[in-house]
Amino acid sequence: MRALVVEDELRLATGLRAGLEAEGYAVDVALTGTDGLWLAREYGYDVVLLDLMLPEIDGFEICATLRAEQVWTPILMLTARDADTDQVRALDTGADDYLTKPFSYAVLIARLRALVRRGAAERPCVLEAGHLRLDPAARRAWIGEIELALTARELSLLEFLVRRHGQVVSKRTILDHVWDYDFDGDPNIIEVYIRRLRTKLGQDSITTLRGAGYRLAD
């Protein structure tokens, strides 16, 4: 297993290298964000340990850049910042896990093992289906370069359809996931929202399969 440690605190970076090497990892260390981004782009690591606060380029930007360039190496964020907003931003940016300093070394190794087992599967931050792009974290969607004006419910319904692009989803399934399991209103509300989406995306954007449900067109 090959790991990249991007950490500007030399003492911690040295300790992480020694500990990971003792676990059988081959380890590279970068002390700046610029060097870390370059290494992560150039070499095929099994996992990246990425500090959040770095000189030159911070961890958020490194993670976002790698994901935008379709580098799916598992990333574990390491940071002294424990605010919920920082953790949410890290995960929404594309990090796979988040560990707050000071941390247990045993927990760190266990989380790394879990990430390596999961592997570098594609986990895009921005969903795409044909000319449609949707950013769930930013709550925004585009057709080509044109941003769509969507309500919160319209966006949630569209995200559900994009995540199941090419599949037929029933009204009941949509109600369970986009509304909730206890919804007891008129199920035809879905037809109202489908019509709204068609008006904004194009009339051929969503196909109705009678008796089966709906499918997002290519």
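Because the structure is predicted, anything quoted here is derived from the model rather than measured. (Residues numbered from 1 in each chain as written. Predicted model: local features only at pLDDT ≥ 70, side-chain atom pairs only at ≥ 80, totals over all residues. Heavy atoms only, no water.)

> In this structure, what is going on with the overall build of the protein chain? I would like to understand it.
Assigned secondary structure in the protein chain consists of eight helices and 11 strands. Taken along its principal axes, the extent of the C-alpha atoms in the protein chain is 60 × 35 × 30 Å. Looking at the protein chain residue by residue over its 218 residues, the buried ones come to 43%. The long-range fraction of contacts in the protein chain, counting pairs at least 24 apart against all pairs at least 6 apart in sequence, stands at 53%. Counting only carbon and sulfur atoms, one obtains 48% of the accessible surface of the protein chain, whose full area is about 11,600 Å². The protein chain carries 27 positive and 35 negative side-chain charges, and their two centres are separated by 6 Å. (Helix = DSSP H or I, 4+ residues; strand = E, 2+ residues; numbered from the N terminus. Buried < 20%, exposed > 50% of the residue type's maximum accessible area, 1.4 Å probe, protein only. Contact = heavy atoms within 4.5 Å. Areas by Shrake-Rupley, 256 points an atom, 1.4 Å probe, with all protein chains shown as cover. Lys, Arg positive; Asp, Glu negative; His and termini not counted. Charge placed at Lys NZ, Arg CZ, Asp CG, Glu CD.)

> Please clarify how the sheet that holds strand 9 (residues 146-147) should be interpreted in this entry.
Sheet strands pair via backbone hydrogen bonds, and the direction of the pair is either parallel or antiparallel. A sheet is described by the order of its strands in space; here four strands give the open sequence 6-7-8-9, paired in antiparallel fashion. The open sheet has two free edges, formed respectively by strand 6 (127-129) and strand 9, since each of these has just one partner strand. (Pairing = 2+ DSSP bridges.)

> Could you clarify how one ought to interpret the sheet that holds strand 1 (residues 2-6) in this entry?
Strand order in the open sheet formed by five strands is 2-1-3-4-5, and the pairing between neighbours is parallel. One side of each edge strand has no neighbouring strand; the edge strands of this open sheet are strand 2 (26-30) and strand 5 (97-100). The sheet shows a mean angle of 20 degrees between the axes of neighbouring strands, taken without regard to direction. Sheet topology note: the strand 4 (residues 75-79)/strand 5 ladder contains four bridges and is parallel. In the strand pairing of strand 5, Leu76 is matched with Asp97. Contacts between helix 3 (residues 59-68) and the sheet are confined to strand 3 (47-51) and strand 4, with strand 4 contributing the most and set at about 170 degrees to the helix. (Axes fitted to C-alpha atoms, helices over the stretch in contact; angles between N-to-C directions.)

> When you look at helix 5 (residues 105-118) in this model, what are you seeing that I'm missing?
An α-helical segment advances 3.6 residues per turn. Residues three or four places apart therefore align on the same side. A rise of 1.5 Å per residue sets the reference length of helix 5, with its 14 residues, at 20 Å; its end C-alpha atoms lie 20 Å apart and thus fit the reference within 8%. Taken together, the buried positions of helix 5 are Leu108, Ile109, Leu112 and Leu115. Buried positions in helix 5, seen along its axis, are confined to an arc of 125 degrees and lie on one side of it. More than 90 degrees from the buried face of helix 5, the exposed residues found are Ala106 and Arg117. On its buried side, helix 5 packs onto helix 1 (10-22), strand 3, strand 4 and strand 5. (Expected span 1.5 Å × (residues − 1). Arc of directions from axis to C-beta.)

> Explanation requested: the pairing of strand 4 in the structure shown.
Counting buried residues along strand 4, five of its five residues qualify, which places the element largely inside the surrounding structure. Where burial is concerned, the two faces of strand 4 agree: the one with Ile75, Met77 and Thr79 and the one with Leu76 and Leu78 are both buried. Sheet topology note: the strand 3/strand 4 ladder contains four bridges and is parallel. Note that in strand 4 the partner of Asp51 across the bridge is Leu78. Handedness of the crossover joining strand 3 and strand 4 through helix 3 is recorded here as right-handed. In the classification by handedness, the crossover that spans strand 4, the intervening helix 4 (residues 84-93) and the parallel strand 5 is right-handed. (Right-handed = clockwise from strand over helix to strand, strands pointing away.)

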